[in-house]
Amino acid sequence: EITEEEFKASVPEAHKENIKWSFFVDGKRYKGDAKPSLNSRSYAQFATMEQAEDFMSSYHGHAFVDGQGENFRAVACIAPYQKVPRKNQKD
């Protein structure tokens with residue numbers, strides 16, 4: 001599993017500037033086969049589709065090594081549902 005700080009450090013600064021909204025979900029490792037492990041996930045909204053495609057083509061397949069020495073590859077793809085949560089409006 002990878003932390004949010006490790007993920008953000010691996011994203012090039014040029015791509016970070018184009019992100020309008022992002023959300024990170026921590027993964028979870030389980031011992032044994034009773035439960036499947038969950039990979040960390042990050043969602044991002046870019047200003048334009050071209051910027052999103054540029055990020056996907058450059059980041060897809062990026063290698064990560066977790067604290068236990070396991071290797072993982074990043075999977076970057078377009079989400080089927082493109083909307084992001086609205087900000088809470090408080091009076």
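Owing to the predicted nature of the structure, the values given are computational and were not obtained by experimental measurement.

For this particular structure, what's the right way to read the overall build of the protein chain?
Per the secondary structure count, the protein chain includes 3 helices and 4 strands. In terms of overall dimensions, the protein chain has a C-alpha envelope of 45 × 35 × 25 Å along the principal axes. Split into buried and exposed, the 91 residues of the protein chain put 18% on the buried side. At a minimum sequence separation of 6, the contacts of the protein chain that also span at least 24 residues come to 44%. Accessible area of the protein chain: about 7600 Å², with a carbon and sulfur share of 51%. Taken as two groups, the 13 positive and 14 negative side-chain charges of the protein chain have centres that lie 8 Å from each other.

Sorry, what's going on with helix α3 (residues 49-59) here?
An α-helix turns once per 3.6 residues; consequently, residues spaced three or four apart project the same way. Within the sequence span of α3, burial applies to Ala52, Phe55, Met56 and Tyr59. In an axial view of α3, the angular spread of the buried residues amounts to 95°, which keeps them on one side of the axis. Facing away from the buried side of α3, by more than 90 degrees, are the exposed residues Glu50 and Ser57. In this structure, the buried residues of α3 make contact with α1 (4-10), α2 (13-16), β2 (41-46) and β3 (63-65). Phi turns positive, to about 95°, at Gly61, one or two residues after α3.

Just checking my understanding: could you explain the nonpolar core for this structure?
As a rule of thumb, soluble globular proteins bury nonpolar side chains together. In this structure, Ile2, Phe7, Val11, Phe24, Phe46, Ala52, Phe55, Tyr59, Phe64 and Ala74 together form the largest nonpolar core, which totals 10 residues. Residue contributions to this core peak at 3 residues, all from α3. Residues in contact with Ile2, not counting those within four places in the same chain, are Phe7, Phe24, Asp26, Ser40 and Phe64.

I tried to follow the packing of aromatic side chains on my own but got confused; where do I start?
Between two aromatic rings, the relevant description is the distance of the centres plus the angle of the planes. Counting across every chain of the model gives 6 aromatic pairs. Here the aromatic rings of Phe7 and Tyr59 are separated by 5.9 Å at their centres, their planes lie at 85°, and the arrangement is edge-to-face. Residue Phe7 is located in helix α1, and its partner Tyr59 is located in helix α3; the two are separated by 52 residues in the primary sequence. Both residues of the pair, Phe7 and Tyr59, belong to the buried class. Measuring from centroid to centroid gives 6.5 Å for Trp21 and Phe23, while their planes differ by 15°, and the two rings are stacked. With relative accessibility at 26%, the residue Trp21 sits in the partly exposed group. Overall, the relative accessible area of 46% leaves Phe23 in the partly exposed class.

Would you explain the environment of Ala74 in this entry?
Looking at the secondary structure, you find Ala74 in the segment after β4 (71-73). According to the relative accessible area criterion, Ala74 is buried, its value standing at 13%. With near-sequence residues (within four places) excluded, Ala74 lies in contact with Tyr59, His60, Gly61, His62 and Phe64.

Rules of the game
Residues numbered from 1 in each chain as written. Predicted model: local features only at pLDDT ≥ 70, side-chain atom pairs only at ≥ 80, totals over all residues. Heavy atoms only, no water. Helix = DSSP H or I, 4+ residues; strand = E, 2+ residues; numbered from the N terminus. Buried < 20%, exposed > 50% of the residue type's maximum accessible area, 1.4 Å probe, protein only. Contact = heavy atoms within 4.5 Å. Areas by Shrake-Rupley, 256 points an atom, 1.4 Å probe, with all protein chains shown as cover. Lys, Arg positive; Asp, Glu negative; His and termini not counted. Charge placed at Lys NZ, Arg CZ, Asp CG, Glu CD. Arc of directions from axis to C-beta. Core = buried A, V, L, I, M, F, W, Y, C linked by side-chain atoms within 4.5 Å. Phe/Tyr/Trp six-rings, centres within 6.5 Å; stacked < 30°, edge-to-face > 60°.

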